[in-house]
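Each chain is listed here by its residues.
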Amino acid sequence: MKGTVNCVATNFLTTQDAAEKLGISTRRVIKLITDGRLPATRFGKSYMVNEADLKLVAERPTGRPPKAKAEDSKAEKKGGKK
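A. Representation of the overall build of the chain. Along the backbone of the chain there are 4 helices and 3 strands. Going residue by residue from the N terminus, the α and β elements of the chain occur as β-α-α-β-β-α-α. In the chain, which comprises 82 residues, the share counted as buried stands at 18%. Long-range contacts, defined here as pairs at least 24 residues apart, represent 43% of the contacts in the chain between residues at least 6 apart. Summed over its atoms, the accessible surface of the chain is roughly 7300 Å², and 52% of this surface lies on carbon and sulfur atoms.

Structure (structure tokens):
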């Protein structure tokens, strides 16, 4: 058959669908992609994420890293600017 392309069927998700499955914002999904932590394929101006790749970031810690303890911040202030 002329003009036929054989390809493996994969389950691609939009960034919005990926965000819903991961429980995060679309903006965060795009950040994970641009940081290289979540593989994606660019289609025009949009990214498409393979559903199987969601496991690469699914176990990440949520939220911001914890702040330094009060003792640590006091020690930094002592050696700070005069």
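B. Expanded view of the pattern of salt bridges. Counting across every chain of the model gives 2 salt bridges. Glu51 is paired through a salt bridge with Lys21; the nearest N and O atoms lie 3.1 Å apart. Of this pair, Glu51 sits in the loop between strand 3 (46-50) and helix 3 (55-58) while Lys21 sits in helix 1 (residues 15-22); the two residues are 30 residues apart in sequence, bridging distant segments of the chain. Taking the relative accessible area as the measure of exposure, Lys21 reaches 51% and is therefore exposed. The residue Lys31 makes a salt bridge to Asp35 at a minimum N-O spacing of 3.2 Å.

C. Fine view of the pairing of strand 3. Bridge count for strand 1 (residues 12-14) against strand 3 is 3 bridges, and the pairing is antiparallel. Looking at the pairing, Leu13 lines up with Val49 of strand 3. Direction of pairing for strand 2 (residues 41-43) relative to strand 3: antiparallel, over a ladder of 3 bridges. Looking at the pairing, Thr41 lines up with Met48 of strand 3. Linkage of strand 2 to strand 3, two consecutive antiparallel strands, is achieved through a turn of 2 residues, within which Gly44 is found at a positive phi near 65 degrees.

D. How the structure looks around the nonpolar core. One finds Leu13, Ala18, Ala19, Leu22, Ile24, Val29, Leu32, Ile33, Leu38, Val49, Leu54 and Val57 forming the largest nonpolar core, which totals 12 residues. Within the residue set of this core, elements represented by two or more residues are helix 1 and helix 2 (26-34).

E. Fine view of the side chain of Thr15. Within the secondary structure layout, Thr15 lies in helix 1. Exposure remark for Thr15: the relative accessible area of 13% places this residue in the buried category. In contact with Thr15, not counting residues within four places along its chain, are Thr26, Val29, Ile30, Ile33 and Tyr47.

About the thresholds
Residues numbered from 1 in each chain as written. Predicted model: local features only at pLDDT ≥ 70, side-chain atom pairs only at ≥ 80, totals over all residues. Heavy atoms only, no water. Helix = DSSP H or I, 4+ residues; strand = E, 2+ residues; numbered from the N terminus. Buried < 20%, exposed > 50% of the residue type's maximum accessible area, 1.4 Å probe, protein only. Contact = heavy atoms within 4.5 Å. Areas by Shrake-Rupley, 256 points an atom, 1.4 Å probe, with all protein chains shown as cover. Salt bridge = Lys/Arg side-chain N within 4 Å of Asp/Glu carboxyl O. Pairing = 2+ DSSP bridges. Core = buried A, V, L, I, M, F, W, Y, C linked by side-chain atoms within 4.5 Å.

In short, the description is geometric, and any link to function would need to be established separately.
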